[in-house]
Amino acid sequence: MPTVVNSGNMPQTEPTQNVNTQSVETTTSTPEQQENIASRIQVNQIVNQGVPIVVFVGPPASGKSMILVRLAKYLRTQGYTIRTDETFLNTEQYRNDCAEFNDKLNTNVALDGTVKYLLINVYKEGTEIAKLLEAPGEDFYDTDPTTARKNNNRVLPYLATIMTSANPKSYVMLLDLDSKVSFRNNSYHRDSYTDRFLKHFYPNIHGRRDRIILLYNKIDLTPFGTIHECRDEKAARHDAELYYPQLFATMKVKKFGGFATMDNFVFKTFCTGMFADEVDDHGKNIQTYNIANEIYPQILWQEITRKW
Ligand SMILES: Nc1nc2c(ncn2[C@@H]2O[C@H](COP(=O)(O)OP(=O)(O)OP(=O)(O)O)[C@@H](O)[C@H]2O)c(=O)[nH]1
Ligand SMILES: [Mg+2]
């Protein structure tokens, strides 16, 4: 069983698992098998390298994988080299997920929803400058009533090790509203997702070293933006704040000897593209997308790297 890590200031964790590096069968993903896979993740070496880590936080289907693909595509055009990190997880599924990611970097076919974990290394002129982490939404907030109680009351050890490591980190927290499970229409999920973040994640974020980006994703599904641009970021922020009031109100820091409070995060919007369902040449259902303007990944990358 993975170690349960409670909220509060976590100590610098030592490796919590006896990591077994044998392959596991993969195409299945019952909660038990998922947990088994998560317990095999090897982060010790990764955190020891001290490279900045970008953690995409968001419930299932909120758009983490596609942001990763969009950002990676953008970074390639800016002279960065993108490589999947083969040391992260020694399973057949992880190798397939990495192959799938590399394949999708060169097409307009959306990354398959079955992709679980991805650790992507970003290099500039031969030097590694960042690691981008994608994990299944359930590891951040589980909407499935049969597993939610268990999953939402703990942090898996690999995430705890990353969060409490000395590496500089940027947390891209997705303000989910218009995904398959509509958080816009479900205040319970919004409040529970907020609680989960504030209780289990936020206390471990280093105010001066780390960065939090609240990202209103799928902005094309709102009146505030299109795939071309965010028309009104101020209105988008106001909307997000209406739906996530506690999050915006809590993440503040005192400045000037307590005389002023300031946001402890930055707010941005994002869009990956306009998606369409299709059937490929082999009769398989796929999603393609018309890619959104590069202004979105450009601004996101600026914010991610601002403190590095
Ligand atoms: N309209 C719109 N839909 C999007 C956008 N980004 C993602 N989507 C849709 O959301 C679906 C889920 O996106 P993913 O990136 O797979 O979501 P995820 O957060 O990685 O999901 P898990 O890996 O299951 O946690 C996609 O298949 C698209 O249909 C966007 O910018 N705009
Ligand atoms: Mg994903």
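Provided above is the structure to which this section pertains.
Here we summarise the structure given alongside this text. Given the structure is predicted, the values throughout are model-derived calculations rather than measurements. (Residues numbered from 1 in each chain as written. Chains lettered and ligands numbered in written order. Predicted model: local features only at pLDDT ≥ 70, side-chain atom pairs only at ≥ 80, totals over all residues.)

A short note on the packing of helix α3 (residues 64-77) against helix α10 (residues 295-305)
Argument step 1. At their nearest, the axes of α3 and α10 sit 9 Å apart, and the two run at 90 degrees to each other. By the angle between their axes, α3 is roughly perpendicular relative to α10. Packed against α3, whose contacting residues are R70, L71, Y74 and L75, the element α10 presents P297, Q298, L300 and W301 at the interface.
Argument step 2. Its residues placed into classes, the contact of α3 with α10 shows six nonpolar, one polar and one charged. (Axes fitted to C-alpha atoms, helices over the stretch in contact; angles between N-to-C directions. Helix = DSSP H or I, 4+ residues; strand = E, 2+ residues; numbered from the N terminus. Parallel < 35°, antiparallel > 145°, perpendicular 65-115°, else oblique. Contact = placed C-beta atoms within 7 Å. Nonpolar A, V, L, I, M, F, W, Y, C, P; charged D, E, K, R; others polar.)

Some thoughts on the environment of R190
Argument step 1. Within the fold, R190 resides in helix α7 (residues 187-201).
Argument step 2. Counting along the chain gives 32 residues from R190 to T222, while the straight-line C-alpha distance between them is 17 Å.
Argument step 3. If we ignore the near neighbours within four places in the chain, the residues touching R190 are F183, Y243 and Y244.

Considerations on the site of ligand 1
Argument step 1. Taken together, 22 residues form the shell around ligand 1, and within it K64, S65, M66, G137 and T272 come nearest.
Argument step 2. Of all the elements in the fold, those that place two or more residues in the shell around ligand 1 are α3 and β10 (273-279).
Argument step 3. Of the residues that constitute the shell around ligand 1, the class distribution is nine nonpolar, 10 polar and three charged. (Near = placed C-beta within 6 Å.)

Note that every value here comes from positions in space, so none of it alone points to a role or purpose.
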